[in-house]
Amino acid sequence: MSDNSNTGRDYLVCRSLYYTYGQDASSPDASFALKNIDLTIGKGEFVAVVGRNSSGKSTLAKLFSLVIYPSLGELYIDGTEVGPDLDEEAALEIHRKVGMVFQNPDNQLVATLVEEDIAFGLENLGYPSEEIRRRVDLSLDAVGLSGYAGAEPSRLSGGQKQRVAIAGILAMMPECIIFDESTAMLDPGGRREIMKIMKTLKSQGITVINITHLMEEAAEADRVIVLDKGRIAADGTPHEIFSDTEMLTRLGILPPQCADVMNGLREAGFPVGAGITPEECADQISQTVIARG
Amino acid sequence: MSEIIRLESVSYIYGKGTPYEKLALDAVDLSFEKGSVTGIIGRTGSGKSTLVKLLNGLERPAFGTVFFEGENIWKRPREIGKLRFKVGLVMQYPEYQLFEETVRKDIAFGPKNMKLPEDEIERRVLEAAKTVGLSEDTLDKAPFDLSGGRKRRVAIAGVMAMQPDLLVLDEPAAGLDPEGRKKVFDAIDRYRTERGATVIIVSHSMDDMAVWCDRLVILSEGRVAGTGTAREIFGDPGLIRSSGLDLPQVGVLADLLEDRGLKLSGTVTTVPEAVSAISELFLSRGVTPTPKGGGAG
């Protein structure tokens, strides 16, 4: 849905960013939820952010969606520096560009009909009704829920509710969508639906950030950022991250089961390559057999 | 072994008499052995949460009977409250229900309701805190100052302190990081071992269920679609798919290997099982390991 031509340009940039909840950042006892974050996420990237509970993942999401502002350091969103003195118009523009999907599907839908829920943001911005209609239909189609415009959100499954929440963001023609543990409460089918949508969004040039505890999900991103105690502990491709057993143990992360199996086989001395999805691992294992057979 | 709880042709109807009437459970027969750990799996809307509420009498069956220790739990409806001390239910995201100013008071809430003497309450609080791996200095902290994983364990300890014979947990590890998940499951395992209790866990996480449960029950559209060990259940991909579930990732890997003409012996449901089955396959195909430390790694 978004303009594809600028894919690759810096989109979310943190420079020596710190964040503390409540305390005065200049106080020597300030405890920081995020410390010295230097990070650049390009437009159109699909990034997973992982780490223990209270490692700073959600704080990062709140900064990107202007719920909070940096205590120290700089944050740029699509070239605009973000801070407490950001003017209202610029803040509105960022709210339109960067959408967020939360964990609990029941806390996100406010209207009595699906279409009203999706139209909510557009109506607030005073869009003409034909344009709203067009965007509601397009957005529902994009999440595979055409025909559900007149449905009641309360009668939908968890996965469908999350898809309505995503459609509400898509209607704003966003450039970036942040998923904050959005699949945690869904069953496996619901999770698959949401992961499929993330990949479609990425293919349309939208920047996708998936904050998750599920390493199988993180493995599907192009890049994995590991946070630990408020700092960036690792940043790399899923292959780089999930084959470093020593680092994973230190950071309290369980790799996806398949990566764990390959690490176990390598530790036992078998000549297998790295793999993180079942397909890759099956290929690696059969190659090993063929090479020796 | 003898059974602790049994459901006999239990049906449950939501919104009875309204246009939204729905048969949530349809003639379910299930029995749970003392000391066992059973995992209940099934997609959203399959009836898992309804089943859980029927076990401790939060809901009453429309038809059929729930027997606890051989007795119909609804025989004397006024005494249903007593059952809740014997069947401890840990709901989803139980930490949202913490409300006391200290961890100690929160864990003591259940035993207090049981009208136990003070020293017995104190003893149980300490024991439950130990079971869930909370140190004694945590007890005087405010629950709200704890991390998400520890808050969850405080809430679980609150139910454990009532020392129920049957512990029922609905998604006990949802939303926790891998370390937090392991601590929760370790705590459940410790409770079961120490008290000889029976455990029923509802979860969407097939990986966890394969590791921690002796037996799995699949619910699908309000009916029991299958029961068996993790190996039996996950060894039947047709059943898993028709119930809208996923194999653990290692099960998918085993399927893909079979497609490539590399069948593993037996069903694999956990990482160690997969490593040993694939090692075996390698050895049978002449792939030999290079000893570690020989510079090959």
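Computed from a prediction, not measured in an experiment: that's the story for all the values here. (Residues numbered from 1 in each chain as written. Chains lettered and ligands numbered in written order. Predicted model: local features only at pLDDT ≥ 70, side-chain atom pairs only at ≥ 80, totals over all residues.)

## Some details on the sheet that holds strand β8 (residues 207–211) of chain A
All names here are of chain A. Operational definition: The rule for pairing is simple: two strands pair if DSSP sees at least two bridges between them. Secondary structure elements follow DSSP: runs of H or I of four or more residues count as helices, runs of E of two or more count as strands, with numbering from the N terminus. Axis lines are fitted to C-alpha atoms, over the contacting stretch for helices. Their N-to-C directions set the angle, which ranges from 0 to 180 degrees. For every residue pair, C-beta atoms are placed from the backbone, and the pair is scored as a contact if these atoms sit within 7 Å.
Ordered by their spatial adjacency, six strands build an open sheet running β6-β7-β8-β3-β9-β10, and the pairing between neighbours is mixed. Either end of the sheet is taken by a strand with one partner, and the two such strands are β6 (98–101) and β10 (231–236). Direction aside, the axes of adjacent strands within the sheet are offset by 20° on average. Here four bridges tie strand β3 (residues 46–50) to strand β9 (residues 223–228), and the two strands are oriented parallel to one another. Each residue of the ladder has a partner; that of A48, found in β9, is V224. In the packing of helix α1 (residues 57–64) onto the sheet, contacts are made with β3, β6, β7 (176–180), β8 and β9, and the angle to β7 comes to roughly 150°.

## Observations concerning the sheet that holds strand β6 (residues 87–90) of chain B
Residue and element names in this part refer to chain B. Within the open sheet, the six strands sit side by side as β6-β7-β8-β3-β9-β10. Their pairing is mixed. Each end of this open sheet is capped by a strand with a single partner; those strands are β6 and β10 (223–228). Between one strand axis and the next, the sheet turns through 20° on average, direction left out of account. Inspection of the sheet shows β6 paired to strand β7 (residues 166–170) by four bridges, in the parallel sense. Bridge pairing in β7 links G88 to L167.

## Some points on the interface of chain A and chain B
For the record, the criterion: Only Asp, Glu, Lys and Arg are considered charged in this grouping, and only Ala, Val, Leu, Ile, Met, Phe, Trp, Tyr, Cys and Pro are considered nonpolar; every other residue, Gly among them, is considered polar.
Facing the 39 residues of chain A at the interface are 42 residues of chain B. Looking at the side of chain A that touches chain B, the elements that each hand over two or more residues are α6 (188–203), α10 (257–267) and α11 (278–292) of chain A. In terms of residue class, the side of chain A that touches chain B is made up of 16 nonpolar, 15 polar and eight charged.

## Some points on unusual backbone geometry
Residues and elements named next belong to chain B. Defined as follows: Three exposure classes are used, all based on how many other C-beta atoms lie within 10 Å of a residue's own C-beta (placed from the backbone): buried at 20 or more, exposed at 12 or fewer, and partly exposed between those limits.
Unlike most non-glycine residues, E69 shows phi in positive territory, near 50°. Tracing the backbone through its elements, the reader meets E69 in the loop between β4 (63–68) and β5 (71–72). With a phi close to 60°, K115 is a non-glycine residue in the positive phi region. Along the chain, the position of K115 falls in the loop between α3 (103–113) and α4 (118–131). The exposed category is assigned to K115, around which 7 C-beta atoms lie within 10 Å.

## With respect to the pairing of strand β1 (residues 3–14) of chain B
Strand residues, when the strand is regular, have side chains that alternate between the two faces of the sheet. Residue and element names in this part refer to chain B. Sheet topology places β1 next to strand β2 (residues 22–33); eight bridges connect them, and they run antiparallel. Residue pairing across strands places L7 opposite L30, the latter belonging to β2. Across five bridges, the pairing between β1 and β4 is antiparallel. Considered in β4, the bridge of S11 is made with F63.

## Points about the pairing of β6 of chain A
All names here are of chain A. Every second residue of β6 is oriented toward a common face, with V98 and M100 on one face and G99 and V101 on the other, all of them buried. For β6 and β7, the ladder comprises four bridges, and the chain directions are parallel. Paired with G99 across the two strands is I177, which belongs to β7.

## Quick notes on the domain arrangement of chain B
Residue and element names in this part refer to chain B. Selection criterion: Segmentation of the chain into domains, including their bounds, is taken from an automatic or database domain assignment.
Domain annotation for chain B reports domain 1 (3–247) and domain 2 (250–284). With centres defined by C-alpha atoms, the gap from domain 1 to domain 2 works out at 33 Å. Taken residue by residue, the interface counts eight residues in domain 1 and six residues in domain 2. Elements with a contribution of two residues or more to the side of domain 1 that touches domain 2: α7 (206–212) and α8 (230–234). Looking at which element gives the most residues to the side of domain 1 that touches domain 2, the answer is α8, with three residues. Across the side of domain 1 that touches domain 2, the residue classes tally to six nonpolar, one polar and one charged.

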